[in-house]
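# Structure at a glance
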Amino acid sequence: MEGNKKRPIRQEQLASVVIRFAGDSGDGIQLTGSQFTDESALVGNDVVTLPNFPAEIRAPAGTIAGVSGFQIHFSSSDIYSPGDRPDVLVALNPAALKLNLKDLKLGGILILNEDAFTPKALSRVGFANNPCQDEKLLSSYRTFVVPITQLTKEALVESGLSAREVERCKNFFVLGLTLWLFGRPTDMTSKWIETKFKNKSELASANAKVLQAGYSYAEATEIFDVSYCVPPAPLEPGRYRNLSGSALTAYGLVSAAQKSGLPLFFASYPITPASELLHELARFKKYGVITFQAEDEIAAMCAIIGASYGGALALTCCSGPGFSLKAEALGLAVMAELPLVVVNVQRAGPSTGLPTKTEQSDLLQAIYGRHGEAPLCVLAASSPSNSFKMAYEACRIATKYMTPVILLSDGYIAMGSEPWKIADPDELSLFEVAFTEVNNNPGGRFLAYKRDEATLARPWVKAGTKDLAHRIGGLEKENETGDVSYDANNHHLMCQLRAEKINRIAQEIPPLSVEGPSDAELLLLGWGGTEGILREALKVCQANKLPVARLHLHYLNPLPSDLKEVLGRFKHILIPELNFGQLRTLIRDKYLVDARGLNRLTGEIFKVEEVVRAVQEML
Amino acid sequence: MNKKVQLNKSDFESHLEVRWCPGCGDYSVLAAVQRYLASIGEPIEKHVFVSGIGCSSRFPYYMNTYGFHTIHGRAPAIAMGLKIARPDLSVWVVTGDGDLLSIGGNHFLHMLRRNPNIKVLLLNNQIYGLTKGQYSPTSTKGKVTKSSPAGSPDTPINPIQLALGAQATFVARVIDVDAQNLTEVLSEAYTHRGTALIEIYQNCNIFNDGAFDRIRGRDERAQYQLLLRHNAPLVFGRNSENGLIVENGRARAVEIGSNSSESVAKFGITTYDVTNFSLAMAMATIPQTDDACVPMGVFYKVDRPCIEDVLAEQLKDARKKAQLSSSAKDNLEELYLSGNTWTIR
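Residues numbered from 1 in each chain as written. Chains lettered and ligands numbered in written order. Predicted model: local features only at pLDDT ≥ 70, side-chain atom pairs only at ≥ 80, totals over all residues. Heavy atoms only, no water.

### Things to note about the overall build of chain B
Our working definition: To qualify as a helix, a DSSP run of H or I must reach at least 4 residues; to qualify as a strand, a run of E must reach at least 2; elements of each kind are numbered from the N terminus. Type-normalised accessible area, obtained with a 1.4 Å probe on protein chains alone, sets the label of each residue: buried when under 20%, exposed when over 50%, and partly exposed for intermediate values. Shrake-Rupley sampling with a 1.4 Å probe provides the accessible areas, and residues are treated as covered by the protein chains on show and by no other component. Note on charges: Lys and Arg go in the positive column, Asp and Glu in the negative column, and His and the chain ends are not counted at all. In this description, the location of a charge corresponds to atom NZ of lysine, CZ of arginine, CG of aspartate or CD of glutamate.
The number of helices and strands found in chain B is twelve helices and twelve strands. Taking the principal axes of the C-alpha coordinates as reference, chain B spans close to 95 × 45 × 45 Å. Residues counted as buried form 54% of the 345 residues belonging to chain B. If you sum the accessible surface of chain B, you get close to 14,700 Å²; carbon and sulfur atoms cover 49% of it. Put simply, chain B has 36 plus and 34 minus side-chain charges, and the middle of one group is 5 Å from the middle of the other.

Right, here's the structure in full:
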């Protein structure tokens with residue numbers, strides 16, 4: 001690294017940077033992006049990421065459909081969104097450039113892989129001229145044209161790897177180049193390469209070599225006349241780790257199992273983007289976690305009902321179409337009043353929709369999507385870090401109230417990552433589960449549906465408990481005894497009791513805290529994965545002296561009991577959602593307020609600027 | 001193992017009134033199961049009966065054990081979750097031909113290949129009873145019902161053949177009124193470690209009365225039932241005057257006169273081997289013409305690890321390797337710190 005410096009390079013300090021890597025879906029873009037993120041997090045920046053990849057494993061090379069992207073926002077201050085527009089765009093081929101150039105900030109840094117801009121590749125995506133030689137392009141941005149493929153080949157000329165393997169190492173050249181550009185050393189990534197490829201030593205040494213080559217190239221050729229430094233962010237003191245929403249959901253679930261002392265049984269069927277949660281949990285056998293890959297979504301849902309009946313902390317995850325398949329069994333769980341958690345990592349629908357893109361359009365299905373009056377608890381995570389907290393909370397509420405809980409996440413939260421302030425196990429909320437072991441009706445038959453006065457929960461009896469054998473099922477229950485009942489009034493009463501039980505969960509919800517001035521006129525109301533964007537939007541509004549406040553909901557059913565009072569304080573209510581107004585429908589229905597929406601369904605998250613614009617238009 | 005307890009049939013009768021149609025074959029199965037469970041002396045609470053939807057699926061309500069009446073076709077999936085989470089319980093699935101083979105076909109298939117230690121009672125009456133008389137996946141082709149006035153167009157499922165094809169480790173067939181054989185098969189199924197499928201021919205006297213009359217009465221049973229016994233020759237008939245020769249996977253009946261070892265040897269009658277897949281398949285696929293024998297009893301029985309044992313073993317290995325603490329706090333700290341961390345002061 002102590003290269004032959006020909007002249008001193010200017011070092012510039014920046015407050016925050018948004019960088020986007022883009023290339024073919026086989027180019028290792030996600031790996032480059034996540035490693036760059038880890039590097040940024042480890043030097044103390046706050047980071048928010050936005051991975052974006054096609055649904056096809058390998059769409060035809062060089063096409064727009066096959067472009068994979070990874071955006072990272074890293075900063076010296078607290079940040080909550082992955083950034084509207086990149087400051088730096090790395091485009092590994094013409095398709096990646098074509099798709100992403102429109103987002104790059106004017107005057108931003110553009111790095112192109114010269115070798116990929118062949119006449120054939122250019123014509124494939126409709127470039128008449130080679131952008132690498134386009135004067136206008138070169139002057140609108142600070143463009144750097146680098147023969148990345150060629151330089152990678154040269155670095156590996158004696159490696160013994162096949163041409164294909166050599167070509168695939170070029171993402172490490174890009175990583176080396178960008179690490180240098182932002183004043184980061186390479187040793188951490190080198191170490192990481194060693195572990196990642198520990199069983200493929202040839203690949204490990206090739207990747208390490210190419211990483212170094214990228215770094216040295218930037219240093220030696222002085223193509224960049226400046227390198228940048230983003231100082232550490234003043235995050236809350238503590239120990240941190242950079243983790244994805246999926247990983248943090250898994251950590252939350254394992255924490256719930258460990259704190260409650262319950263065995264964790266997780267059944268699911270692979271579906272994008274929920275599968276990551278299955279992958280995470282499958283690694284945790286040592287913590288007593290059983291993962292069961294079921295034959296379909298219905299079986300996964302049913303298996304956890306069986307496990308819950310047996311006394312396990314029973315969980316499943318799914319996404320769009322899988323969630324629909326679980327609906328009937330969820331109705332059974334409502335009737336049987338068994339605790340379980342369904343994590344729905346929402347994706348863009350209907351049907352297969354846009355499987356790798358994000359959306360918030362399963363809210364009404366979560367709340368209403370069952371036949372009969374079948375209320376249950378619905379929670380929503382709002383960020384990768386928040387996934388930890390809400391996953392834990394979902395398990396706690398499920399067992400305390402003997403109810404299924406749906407935890408809504410989405411593709412953006414699950415795949416994105418951010419620094420997580422490592423939790424203190426002692427500070428997790430109290431989570432005690434007491435199985436019923438003695439007859440609650442001395443001298444008579446055990447009453448399987450006799451309710452706790454405070455929560456209206458029925459007792460949880462582990463199948464196999466002596467003297468408490470009883471039968472449950474999907475037929476209507478007689479109040480208290482749980483026997484099958486066709487009595488008309490009893491059905492009405494049981495529907496009421498089940499609804500009232502869910503309403504009582506409101507007593508678990510902490511008082512709402514509204515961010516912003518108390519005399520604000522407009523309330524920016526959100527739920528789920530848009531929180532970061534809305535938070536940034538509020539900052540911009542406040543900087544522009546707009547009378548705006550913000551509230552984010554994590555409990556969607558039941559809604560917080562103080563929500564009515566909060567809504568009443570504002571003249572305007574704006575609800576941005578990545579759907580056509582599902583929370584808005586609920587809010588209007590329940591509180592009769594004239595809430596307005598900002599709604600978009602493009603498979604992408606909002607831009608901060610468009611939320612601010614919507615606020616301005618409403619005021 | 002649990003301590004054996006002294007129990008009677010009545011200990012397994014729940015307080016609920018049994019509501020099957022008078023004369024339904026389900027009654028005899030219920031009684032046989034209650035009697036058998038009392039005889040093994042396993043505590044009541046160790047048994048769990050899981051069912052789907054259909055007449056037979058009301059079964060758990062009538063058993064004074066743990067029970068779960070679930071949703072159509074899904075009993076195997078629910079039972080599997082329960083069994084994996086609680087390998088210590090004795091888990092039973094009670095189901096019908098529509099429930100298990102139509103809507104639940106997929107779960108049935110996957111349960112068999114995973115081989116959880118679950119006992120499946122398939123009450124096959126070749127009709128949809130609870131929905132009042134439509135043809136089922138086991139109804140004979142051409143069967144005239146409310147939903148098939150011109151006759152069922154479907155080829156029926158042969159449950160034994162299907163189960164064998166799905167790699168079941170225990171497959172048996174009995175008839176509802178044959179209490180003795182039913183009890184013997186229950187006993188063999190219960191002691192088998194793995195999924196045991198017992199197909200029970202059950203008469204629906206309302207919508208499909210007489211479906212099994214050819215072999216149901218005492219006389220008919222004596223005439224046409226072929227009781228499969230391990231290491232015994234394949235003979236049947238009132239006086240065991242017929243035998244089967246299995247060649248190239250196909251069974252052929254011959255008159256042998258009497259069940260003496262000489263005539264069995266003379267005619268080359270096949271000796272049954274309950275672990276022989278081809279023999280089991282040959283028995284399962286004997287064409288059911290009017291005078292053909294109907295094999296009954298245990299068709300097939302082999303050992304293969306149960307999914308709950310495999311998973312438990314994986315957990316044990318992982319724990320041993322990790323040498324985890326008994327404290328939740330330690331475990332969680334270990335988990336939280338299992339990657340690159342940094343500290344901000």
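### Re a negative patch on the surface
Quick note on the threshold: Each patch groups residues whose relative accessible area exceeds 30% and which form no salt bridge, using 9 Å between like charges and 5 Å between nonpolar side chains of Val, Leu, Ile, Met, Phe, Trp and Tyr. What makes a salt bridge here is a side-chain nitrogen of Lys or Arg within 4 Å of a carboxyl oxygen of Asp or Glu, nothing more.
Taken together, B:Asp209, B:Asp213, B:Asp219 and B:Glu220 make up a surface patch of like negative charges. Positionally, B:Asp219 belongs in helix α8 (residues 218-224).

### Here's the deal with helix α12 (residues 328-336) of chain B
Rule in force here: Our arc is simply the arc of the directions from the helix axis toward the C-beta atoms. Only heavy atoms matter for contacts: two residues are in contact if any of them lie within 4.5 Å across the pair.
The complete set of buried residues in α12(B) reads B:Asn331, B:Leu332, B:Leu335 and B:Tyr336. Projected down its long axis, α12(B) shows its buried positions confined to an angular sector of 130 degrees, all on one face. Lining the buried residues of α12(B) we find β9 (238-244), α10 (245-260), α16 (384-401) and β16 (417-421) of chain A.

### Examining the sheet that holds strand β4 (residues 67-75) of chain A
Residue and element names in this part refer to chain A. This is how the line gets drawn: Pairing between two strands is assigned when DSSP locates at least 2 bridges connecting them. Comment: axis = line fitted to C-alpha atoms, over the contacting stretch for helices; angle = value between 0 and 180 degrees taken between N-to-C directions.
Taken together, the six strands give an open sheet; going across it, the order is β3-β4-β2-β5-β6-β7, and neighbouring strands pair in mixed fashion. In the strand order of this sheet, the two ends are held by β3 (46-52) and β7 (142-146), each with one partner. Strand-to-strand twist of the sheet, defined as the mean angle between neighbouring strand axes without regard to direction, takes the value 10 degrees. Contacts from helix α1 (residues 29-42) reach β2 (16-24), β3 and β4 within the one sheet, and its direction differs from that of β4 by about 5 degrees.

### Focus on the confidence of the model for chain B
For clarity, the cut-off: A residue's pLDDT is simply how confident the predictor is in it, with values from 0 to 100.
When the pLDDT values of chain B are averaged, the result is 95; 99% of them are 70 or greater. Listed scores for the predicted complex are pTM 0.95 and ipTM 0.97.

### Focus on the interface of chain B and chain A
Applied cut-off: Accessible area, probed at 1.4 Å, shrinks when two parts are joined; the buried area is that loss added up over both. Residues adjacent in sequence count toward polar contacts only when both atoms are side-chain atoms; beyond that, a polar contact is any pair of N or O atoms within 3.5 Å, and within protein one must be able to donate a hydrogen and the other to accept it.
Listed as interface residues are 59 residues of chain B and, on the opposing side, 72 residues of chain A. Across the chain B/chain A interface, buried area totals approximately 5,500 Å², and carbon plus sulfur atoms make up 65% of it. Ranking the residues of chain B by area buried against chain A places B:Tyr66, B:Tyr336 and B:Trp342 at the top, with a combined share of 17%. Between chain B and chain A we count four salt bridges in total. Remark: the boundary between chain B and chain A carries 29 residue pairs in polar contact (both at pLDDT 80 or more). Listed by contribution, the elements that provide at least two residues to the side of chain B that touches chain A are β2 (66-69), α2 (75-85), α4 (105-114), α11 (307-322), α12 and β12 (341-344) of chain B. A total of eight residues in the side of chain B that touches chain A trace back to one element, the largest contributor, which is α12(B).

### Let's talk about a positive patch on the surface
All names here are of chain A. Together, Arg58, Arg164, Arg168, Lys196 and Lys200 line one region of the surface with positive charge. Topologically, Lys200 is positioned in the loop between α8 (187-196) and α9 (201-221). Overall, the relative accessible area of 51% leaves Lys200 in the exposed class.

### Structural notes on the packing of α1(A) against α8(A)
Residues and elements named next belong to chain A. Short version of the rule: Here is the rule for angles: anything less than 35 degrees is roughly parallel, anything more than 145 is roughly antiparallel, 65 through 115 is roughly perpendicular, and the remaining ranges are oblique. For a crossing to be left-handed, the near helix must be turned anticlockwise from the far one by less than a right angle; the clockwise case is right-handed. All amino acids are sorted into three groups, where Ala, Val, Leu, Ile, Met, Phe, Trp, Tyr, Cys and Pro are nonpolar, Asp, Glu, Lys and Arg are charged, and the leftover types, Gly among them, are polar.
Relative to each other, α1 and α8 sit at 130 degrees, their axes nearing to 11 Å. As far as their axial angle goes, α8 and α1 are oblique. In the packing of α1 onto α8, the handedness of the crossing is right-handed. Seen from α1, the contacting residues are Leu31, Gln35, Glu39 and Leu42; seen from α8, they are Met188, Thr189, Trp192 and Lys196. Residue classes in the contact of α1 with α8 are distributed as four nonpolar, two polar and two charged.

### Some thoughts on the packing of aromatic side chains
Put simply, the test is: Aromatic rings from Phe, Tyr and Trp, with only the six-membered ring used for Trp, were paired whenever their centres fell within 6.5 Å, and each pair was classed as stacked if the ring planes differed by under 30 degrees, edge-to-face if by over 60, and tilted otherwise. Placement of a charge over a ring requires the Lys NZ or Arg CZ to be within 6 Å of the ring centre, with the centre-to-atom vector within 35 degrees of the ring normal.
Summed over the entire model, instances satisfying the criterion amount to 32 aromatic pairs over all chains. Here B:Phe277 and B:Tyr300 contribute two aromatic rings whose centre-to-centre distance is 5.7 Å and whose plane-to-plane angle is 80 degrees, an arrangement assigned as edge-to-face. On the criterion of sequence distance, the pair formed by B:Phe277 in helix α10 (residues 277-284) and B:Tyr300 in strand β11 (residues 294-301) is long-range, its members being 23 residues apart. An aromatic cluster of at least three residues, connected via ring pairs, comprises B:Trp20, B:Tyr27, B:Tyr36, B:Phe49, B:Phe59, B:Tyr62, B:Trp92 and B:Tyr190. When the ring centre of A:Phe127 is taken as origin, the NZ or CZ atom of A:Lys98, which lies over that ring, is 4.7 Å away.

### Observations regarding the sheet that holds strand β8 (residues 235-236) of chain B
All names here are of chain B. Spatially, three strands are ordered β8-β9-β10 in an open sheet, and the strand pairing comes out antiparallel. Strands with a single pairing partner mark the edges of an open sheet, and in this sheet they are β8 and β10 (250-255). Here β8 runs beside strand β9 (residues 242-247); their pairing, made up of two bridges, is antiparallel. Bridge pairing in β9 links Val235 to Gly243.

### Structural notes on the pairing of β9(A)
Where burial is concerned, most of β9(A) is hidden: six out of the seven residues are buried. Strand direction decides the pairing type here: β9(A) and β12(B), joined by four bridges, are antiparallel. Paired with A:Arg241 across the strands is B:Thr341, a residue of β12(B). Judged from the five bridges that link them, β9(A) and β16(A) form a sheet pairing that is antiparallel. Across the sheet, residue A:Ser244 finds its bridge partner in β16(A), namely A:Ser417.

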